[in-house]
Amino acid sequence: LGLDAMRLMGFDFEAGRLDESTHPFCGGVPEDVRMTTRYREDSFLPALMGTIHETGHGRYEQGLPRELLGQPVARARSMGLHESQSLSF
């Protein structure tokens, strides 16, 4: 279900992946975004919502202009902006 949601949101699986961990997280660089989620046996909703939120972070990273990597314009402006963009999904 989470992978389907990521596809619907436009996540590029050629430039990233989703794994399992104890806490949802997103990191990496625009051409290699690594995301994690956690699963609970009693409820699917926390995993789904965590995956959607982290996909927002991943899409932000994947949307940075790759031809300008290493330049200031291709860096995340702030954690606040990054977080607000991840909540837009």
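So, here's what we can say about the structure. Within each chain, residue numbers correspond to sequence positions counted from 1 in written order. For this predicted model, a pLDDT threshold of at least 70 governs which residues receive local features, and a threshold of 80 or more governs which side-chain atom pairs are given and counted, while totals over whole chains, interfaces and linings are taken from all residues. Only hydrogens and water are removed before side-chain values are computed, so all heavy atoms of the structure are retained for them.

## Some words on the pairing of strand β3 (residues 32-37)
We apply this condition: Pairing between two strands requires that DSSP report at least two bridges joining them. A helix here means a DSSP run of H or I that spans at least four residues, while a strand means a run of E at least two residues long, and both kinds are numbered starting from the N terminus.
As paired elements, strand β1 (residues 16-20) and β3 share 5 bridges and run parallel to each other. Across the sheet, residue D19 finds its bridge partner in β3, namely T36. Relative to β3, strand β2 (residues 25-29) is paired through 5 bridges, and the arrangement is antiparallel. From the neighbouring strand, C26 faces β3, where its bridge partner is M35.

## A word on the nonpolar core
What counts, and what does not: To define a nonpolar core, start from buried Ala, Val, Leu, Ile, Met, Phe, Trp, Tyr and Cys residues and group those joined through side-chain atoms within 4.5 Å. A 1.4 Å probe rolled over the protein chains alone gives each residue an accessible area, and that area as a share of the maximum for its type sets the label: buried under 20%, exposed over 50%, partly exposed in between. Two residues qualify as a contact provided that any one of their heavy atoms is within 4.5 Å of a heavy atom in the partner residue.
Counting residues in hydrophobic clusters, the biggest one holds 6 residues: M6, F11, L18, C26, V33 and M35. When neighbours within four sequence positions are excluded, V33 is seen to be in contact with F11, A15, G16, R17, C26, G27, G58, E61 and Q62.

## A look at the environment of R17
You can see R17 is positioned in strand β1. As a C-alpha pair, R17 and G50 span 33 residues in sequence and 14 Å in three-dimensional space. Beyond its immediate chain neighbours, meaning those up to four positions away, R17 contacts F11, V33, R34 and M35.

## Description of the pattern of salt bridges
Threshold: The term salt bridge refers to a pairing of a side-chain nitrogen on Lys or Arg with a carboxyl oxygen on Asp or Glu at a separation within 4 Å.
The final tally for this structure, using the stated rule, is 4 salt bridges. Among the ionic pairs, D4 bridges to R7, the shortest N-O distance being 3.2 Å. Of this pair, D4 and R7 both sit in helix α1 (residues 2-8), 3 residues apart, which is roughly one turn of that helix. Of the residues examined, D4 reaches a relative accessible area of 46% and is grouped as partly exposed. Between R34 and D32 there is a salt bridge, and its shortest N-O distance comes to 2.8 Å.

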